[in-house]
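Fold and contact review
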Amino acid sequence: MLNIAVILGSTRDGRFGSAVANWVMDHLDQRGDMSADLIDLIETPLPTVFPVLGQPPATQEAKDLLAAVSPRMAAADAFVIVTPEYNHSFPAALKNAIDWHGTEWHAKPVAFVSYGAFSAGLRAVEQLRLVLAELHAVTIRDSVGLQHPWAQFDGDGKAVEPAADAAAKVMLDRLAWWAHSLREARTARPYTV
């Protein structure tokens, strides 16, 4: 069984990201090879003041906030990042969550589900690929982009276009392949930086 951490990157009031994340979680729940852990950055906020490079967090509050997220990311075999596009990029809270972690990302695959008005959030994903490469994560090619997401789901949270569900299946199939392969590789030969 693969442990998949789904990171909900939007912390905006009235966000649509919860609907998208719930749709992703439904897809993961239907699979027999993956278990899912939703890390919602509203429910688990992280500190915004970083310690001196290489030093532990300076306050107990920062340590407590990280303790609610970091072990869950470390336990993940792979990640799905759910992100909107804000100003041609991804949200600051998501960048903060990424930057607080290093080894948790190493040699693990990351898939993306993005959403936005015209671009379907794809510019946010392209920037995330650059950031995560620096952290030794492996971003997979197949992703899901939802254009005008408010019209993409019915009242029950189901996708109205079969193409969205088909894209999610392909993405998760690719994620499973990479997650198994990289987990086996990390077990055989620990990844070092």
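Residues numbered from 1 in each chain as written. Predicted model: local features only at pLDDT ≥ 70, side-chain atom pairs only at ≥ 80, totals over all residues. Heavy atoms only, no water.

Looking at the pairing of strand β1 (residues 2-8)
Of all 7 residues in β1, 6 are buried; the element is thus mostly enclosed. Note that β1 and strand β2 (residues 34-40) share 7 bridges and pair parallel. Bridge pairing links I7 to I39 in β2. In this region the chain leaves β1, passes through helix α1 (residues 17-29) and returns to the parallel neighbour β2; the handedness of that crossover is right-handed. The pairing of β1 with strand β3 (residues 78-84) spans 5 bridges and is classified as parallel. Pairing of L8 across the sheet is with V82, part of β3. (Buried < 20%, exposed > 50% of the residue type's maximum accessible area, 1.4 Å probe, protein only. Helix = DSSP H or I, 4+ residues; strand = E, 2+ residues; numbered from the N terminus. Pairing = 2+ DSSP bridges. Right-handed = clockwise from strand over helix to strand, strands pointing away.)

Side note on α1
Spanning 13 residues, α1 covers 18 Å between terminal C-alpha atoms, matching the ideal 18 Å at 1.5 Å per step. Of the positions making up α1, those classed as buried are G17, V20, A21, W23, V24, M25, H27 and L28. Buried positions along α1 lie against β1, β2, β3, β4 (109-116), β6 (144-147) and α6 (162-188). (Expected span 1.5 Å × (residues − 1). Contact = heavy atoms within 4.5 Å.)

What to know about the layout of surface pockets
Taken as a whole, the largest pocket encloses approximately 280 Å³ of empty space. Taken together, 13 residues line the largest pocket, and the ones lying closest to its centre are F50, P51, Q55, D99 and W100. Here the lining of the largest pocket is built from residues that sort into 7 nonpolar, 4 polar and 2 charged. If you go around the second largest pocket, you meet 15 residues; those closest to its centre are P84, E85, Y86, G116 and A117. (1 Å grid on protein atoms, 1.4 Å probe; cavity = no way out; pocket = protein on both sides within 12 Å on 5 of 7 lines; lining within 4 Å. Points joined across faces, edges and corners; volume = space filled by probe spheres on them. Nonpolar A, V, L, I, M, F, W, Y, C, P; charged D, E, K, R; others polar.)

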